[in-house]
Amino acid sequence: MRIHIVLGTLGALALAAAMALYMVQEPARLQSAQEALLASRVAEGQPVYLQNCALCHGAAGEGLGANPALATEGVAAMDYDELLKVIARGRYGTAMPAWSVAEGGPLDDAALESLALLLHHGDWADTYRLAEQLDLVPRAPVAVELPAEALAQVAALPGGATLAPAIQTYASNCIACHGSNGEGSPLAPALNDPTLRAQRTAAQLAATITYGVPGTLMAGWSQHLDPAAIDGLVQLILQWDQLEPGLVPTPQPAPVVAAVDTAALVAASEPLYAQSCATCHGTDGQGTPRAPALNVQSFFARVTNDVALAQIITLGVPGTAMPAWGDRLGSTEIDAIAAYIRAWEPTAPAVATPQRGRGLGPPWLRNP
């Protein structure tokens with residue numbers, strides 16, 4: 001009888017010790033499990049981001065053109081529910097569309113949550129490395145670096161302490177649309193213009209740069225440039241006649257596609273389409289929940305010539321998620337993409353079958 005009591009006591013003590021050890025180790029185990037789950041969800045968010053968001057916000061969240069950077073302390077510290085709502089519903093009056101399936105977008109709740117977790121907890125350097133592996137690094141807007149002697153020449157002018165950084169800001173962000181030396185282009189009007197300097201006040205110019213011009217390709221730059229940079233650009237416009245002509249180098253043209261026949265041009269342009277267009281319009285042009293079909297008879301009935309098609313690619317479609325590619329691709333590249341799309345016309349179906357996949361929608365909606 002005494003042996004049973006001893007054994008029972010020892011068993012109870014062993015159980016108590018095991019419970020105590022469990023209680024000591026459980027918080028660490030739970031934390032480890034939570035960290036592993038978070039890392040898994042962040043990893044799920046990386047390809048979703050690269051396939052759907054990097055085109056505008058950059059492969060490392062650095063922001064492209066007027067599209068804001070996401071790799072910032074402000075975004076990382078943003079309330080999770082508010083961040084999720086912005087991704088799901090978009091931002092009214094901006095180029096940020098709704099991405100939730102419930103709002104007509106392509107992403108389900110799991111994908112939206114993984115994106116929000118990536119923005120809060122992700123490693124942007126790791127995301128960029130994945131983009132390189134998957135060949136999903138988007139083309140950056142056209143920009144040039146000013147020679148040191150040119151910057152020194154500008155700095156020597158009256159107000160040069162403001163003008164020198166301003167002209168570099170211009171060369172990095174505005175040159176593709178407004179021309180090397182503010183002469184304008186088919187994408188945007190001239191800024192180096194005496195009529196503009198005479199008719200627009202500094203406040204009006206600052207408002208245009210800050211808020212953009214609705215219905216045009218001029219986006220608001222307030223989320224990409226700080227007030228000092230915007231004021232510098234205003235001063236540059238007002239003093240442009242004091243700068244030496246040709247001070248800003250002309251961007252190097254895009255590599256010329258060597259193909260001369262249509263078949264070779266189409267073959268050469270396939271990687272361009274895959275990199276720049278397929279995420280939204282589908283790998284075979286059948287459209288996705290993000291953008292309409294191009295490989296369909298109704299599209300070619302509306303866009304009857306390649307000049308119109310190239311113009312759409314160059315200028316984008318204001319008020320939609322279709323960006324202007326004229327500040328990222330050269331005219332030869334745009335013509336090549338237009339030829340690639342036009343090659344679908346003879347076999348274009350009457351009704352498109354939108355593509356699902358590449359992170360677009362829940363698994364049961366995706367094509368096999």
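So, here is what we can say about the structure in this document. Quantities reported herein were computed from a predicted structural model and do not represent experimental measurements. (Residues numbered from 1 in each chain as written. Predicted model: local features only at pLDDT ≥ 70, side-chain atom pairs only at ≥ 80, totals over all residues. Heavy atoms only, no water.)

1. Topic: the environment of Asp 226
Note the threshold: Helix and strand definitions follow DSSP, with helices as H or I runs of at least four residues and strands as E runs of at least two, each counted in order from the N terminus. Burial classification: accessible surface area is computed with a 1.4 Å probe over protein chains only, and a residue below 20% of its type maximum counts as buried, one above 50% as exposed, and the rest as partly exposed.
Among the structural elements, Asp 226 can be located in the loop between α11 (202–211) and α12 (227–238). Overall, Asp 226 belongs to the partly exposed group, its relative accessible area being 45%. Separated by 16 residues in the primary sequence, Asp 226 and Thr 210 have C-alpha atoms spaced 9.2 Å apart.

2. Thoughts on the side chain of Ser 276
Where we set the bar: In what follows, residue pairs with any heavy atoms lying within 4.5 Å of each other are defined as contacts.
Topologically, Ser 276 is positioned in helix α13 (residues 262–276). In contact with Ser 276, other than residues within four places in its own chain, are Leu 55, Trp 325 and Leu 329.

3. Structural notes on the packing of α11 against α12
Put simply, the test is: Axes here refer to lines fitted to C-alpha atoms; in helices the fit is confined to the stretch in contact. Angles between the N-to-C directions go from 0 to 180 degrees. Each angle receives one of four descriptions, namely roughly parallel if under 35 degrees, roughly antiparallel if over 145, roughly perpendicular if within 65 to 115, and oblique otherwise. Left-handed describes a crossing whose near helix is turned anticlockwise from the far helix by less than a right angle; the clockwise case is right-handed. By the convention adopted, Pro, Cys, Tyr, Trp, Phe, Met, Ile, Leu, Val and Ala count as nonpolar, Lys, Arg, Asp and Glu as charged, and the other residues, Gly among them, as polar.
Orientation of α11 relative to α12, taken along the N-to-C sense of each, is 125 degrees, at an axis distance of 9 Å. Comparing their axes, α12 and α11 come out oblique. Viewed along their axes, α11 and α12 form a crossing whose handedness is right-handed. Only Ile 230, Leu 233, Val 234, Ile 237 and Leu 238 of α12 make contact with α11, whose side of the interface consists of Ala 202, Leu 205, Ala 206, Ile 209 and Thr 210. Here the contact of α11 with α12 is composed, by residue class, of 9 nonpolar, 1 polar and no charged.

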